[in-house]
Amino acid sequence: AWQANIEAAERHNKPGEFTTFIAYEYTSTPDGANLHRNIIFSGNRVPNAPYGGDQSLNPEELWDWLDTIREEGIEALAIPHNLNWSIGRMFEKTDWAGAPIDSAYADQRARNEPLVEITQVKGTSETHPLLSPNDEWAGFEIWKLSRTITNEDGTTSRVPGGTTGAYARDALRSGLDLERSSGGNPYNFGFIGSSDGHDASSPVEEDQYFGKLGLFDGSAEARGSVKKTASSALNVETIEWGASGLAGVWAEENTRASIYEALRRKETFATSGPRIQVRFFAGYDFPSEINTLADAVAQGYAGGVPMGGELLGRSDQAPRFLVWALRDPRDSWLQRVQIVKGWIDEEGTHERVFDVACSDGLTPDDKTHRCPTNDATVDVSDCSISLDKGDVELKTVWVDPTFDPKIRSFYYMRALQNPTCRWSTWDAIRAGDAPNARVPATIQERAWSSPIWYTPPV
C-alpha cells in the first residue's frame, strides 16, 4: 500500500501545474483521544515504511522518528488534525509522561509540527464559545459531540466540547504561558484547513456537499438533513459536520520544493471552503494607506514579516498590520475582516477580536471595535442572497489601539463572508423539507491567516 501511495504521488506530480506530495496519516487514538497527524514529505526521498500508531501512540516518538530520518536526508513535517476531538490532549501543558514541558520538548515539537489544521469536515477547531465567550463568531461549525473516555478505574465519562487543549487559539495562548515558564513555545504554529474526506475528494462546497464517508453519509437522509425513512449506518451526528476546508499556501511557484518551504515557514492560511485569498503582514514602515495589492505585497515583504513570521519590537513604535482579503468570485461577498489578538501579562493570557475593515463603506466603532451590520440577507426558502451587499476585497493598514511594546503577543487575521445557506439547508430545499433546526440554517464562511508573533524589545 505504501509503495502504491508513492507511485500515485509520483505519477500525478506535474511541476508548475499540479503538485502532489508523498504523505500519510499517523493515527493515534489513546483512550478515545484523537491525536492524528498528517505526515508530508518534501520530495521523493522517503522511508521504506511509514511510522504508525501500531509502533507507538506517543507523538513524541513520532517526532523522534522524524528527527532521525531528517538526519538521514529525508525531510518531512507533521500536521495535527481534528484537534477538537482530542479531549484536550492535543495541546497539553505536560509531556506524554506527565512531566512539565521544557524547552527541549518545545523545540522538538515546533521543529516537527509547524502547522495545525483548524477546520475540516468534523468541525472547526479555531476556538469554542466556552473558551472565547467574547467572540461572537466563535461558534462556527462546532462539532458538539463529546467524547467518551475510559478512566483509570475502568469507569467511563464524557468530555464536553470546549475543552481546553483542543482548540488552536487556546493553544496559542498556552504557548505564550509555556514560553514564559520554560523558555520555549511548543505552540508557535501556522494554520491550514483540510477536508479529511475519505472518498478521494473534497466536499467543501455548501451547495454540492456530498459527505465525508461515502456509504455512511453519502445521502441527505444518512446525514440527517432530511426526514429519515431508514436508520443511518453511522453512529455519529453527521448533521453537525461541515463542508470544510481548504489550505492556502503563498509559494513562489507551484512545485514541491517551493510549497514545502512555504509550509515550513508557516506562510499559509485556511478557509472553510471558499477560495478566499488573504494577505497579512506586520512591520513598522508601511504607509497608512496602500492602494494596490501589488504594492501591498511588495511593501509587506520589503518592510515587514508575512503571516507565520515573528516581529521584533521597537520600544518607540507600534507595529502596523497590513491586511488584505479577496473574495472567491464563485461565492458570496466579503462582510468584514478581523484581527484576533492574544497576549500575556502578569495576570495571565488574554484574547480580543477587533473588526479592522468593514464592507459597504462602513467603519468599525471606536469603542466596540465592531463593524455595523451591512444588512446582508439569505432567503432560506431558495438560498438566494443579497446581491448588493458586501465587497469584492477588503483592505486596511491597522495599528492596535491597545498595544503595549512590553507585552508578548500574537495576531492573526480572520475574513468573513456575508451569510449563505449551510449545506444542510441546501439538502432540505432539494428534498422539499424544512431545514433541520438542530443546526444553523445559514453560516458565514471565512478564512484565517497564520499568526504573526510580536516579541518585545530586549
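This structure is a prediction, so every number in the text was calculated from the model and none was measured.

### Quick notes on the overall build of the protein
Each helix and strand in the protein was counted, giving 8 helices and 24 strands. Dimensions of the protein, computed from the C-alpha atoms along their principal axes, are close to 60 × 60 × 50 Å. Per-residue burial over the protein gives 55% buried out of 458 residues. In the protein, 72% of the contacts between residues at least 6 apart in sequence involve partners at least 24 apart. Carbon and sulfur atoms provide 50% of the accessible area of the protein, an area that totals close to 19,400 Å². Both charge centroids of the protein, one from 44 positive and one from 67 negative side chains, sit 1 Å from each other.

### Considering the pattern of salt bridges
With the rule as written, the count across this model stands at 31 salt bridges. One salt bridge in this structure joins Arg-422 and Glu-141, with 3.0 Å as the shortest N-O distance. A residue pair is termed long-range when its members are at least 10 positions apart, and Arg-422 in the loop between strand 21 (420–421) and helix 8 (423–431) and Glu-141 in the loop between strand 5 (123–124) and strand 6 (147–150) qualify at 281 residues. For Arg-422, a relative accessible area of 1% gives the class buried. Overall, the relative accessible area of 10% leaves Glu-141 in the buried class. Two residues, Glu-179 and Arg-408, come together in a salt bridge whose shortest N-O distance is 3.0 Å. Here Arg-408 lies in the loop between strand 19 (393–398) and strand 20 (409–417) and Glu-179 lies in helix 4 (residues 168–182), a separation of 229 residues in the sequence. Classification of Arg-408 as buried rests on a relative accessible area of 11%. Through salt bridges with shared partners, a single ionic network connects Glu-126, Asp-135, Arg-169, Arg-173, Glu-351 and Arg-414.

### Comments concerning the sheet that holds strand 12 (residues 304–306)
Within the open sheet, the 4 strands sit side by side as 12-11-14-19. Their pairing is antiparallel. Of all strands in the sheet, those bounded by a partner on one side alone are strand 12 and strand 19. Within the sheet, the average angular offset between the axes of one strand and its neighbour, ignoring direction, is 15°. Here strand 11 (residues 277–283) pairs with strand 14 (residues 320–326) via 7 bridges, running antiparallel. When the sheet's bridge partners are listed, Gly-283 is paired in strand 14 with Arg-320. Packed on one face of the sheet, helix 7 (residues 293–303) meets strand 11, strand 12 and strand 14 and runs near 40° to strand 11.

### Here we look at the state of the cysteines
Using the criterion set out here, one finds 2 disulfides in the structure. Here Cys-358 engages in a disulfide with Cys-371; their sulfurs sit 2.1 Å apart. Classification of the bridge connecting Cys-358 and Cys-371 rests on its S-S torsion, roughly -85°, and on that basis the disulfide is left-handed. Here Cys-358 is found in strand 16 (residues 348–358), whereas its partner Cys-371 is found in the loop between strand 16 and strand 17 (378–379), with 13 residues between them in sequence. In this model, Cys-383 is linked to Cys-421 through a disulfide, with the two sulfur atoms separated by 2.1 Å. Residues Cys-383 and Cys-421 are joined through a disulfide that is left-handed, its torsion about the S-S bond being -100°. Taken as a pair, Cys-383 in the loop between strand 17 and strand 18 (384–385) and Cys-421 in strand 21 lie far apart in primary sequence, 38 residues in all. For the pair Cys-383 and Cys-421, a shared accessibility class is recorded, and that class is buried. Here the disulfide map of the protein reads 1-2, 3-4, the bonded cysteines being numbered as they appear in the sequence.

What counts as what
Residues numbered from 1 in each chain as written. Predicted model: local features only at pLDDT ≥ 70, side-chain atom pairs only at ≥ 80, totals over all residues. Heavy atoms only, no water. Helix = DSSP H or I, 4+ residues; strand = E, 2+ residues; numbered from the N terminus. Buried < 20%, exposed > 50% of the residue type's maximum accessible area, 1.4 Å probe, protein only. Contact = heavy atoms within 4.5 Å. Areas by Shrake-Rupley, 256 points an atom, 1.4 Å probe, with all protein chains shown as cover. Lys, Arg positive; Asp, Glu negative; His and termini not counted. Charge placed at Lys NZ, Arg CZ, Asp CG, Glu CD. Salt bridge = Lys/Arg side-chain N within 4 Å of Asp/Glu carboxyl O. Pairing = 2+ DSSP bridges. Axes fitted to C-alpha atoms, helices over the stretch in contact; angles between N-to-C directions. Disulfide = S-S within 2.5 Å.

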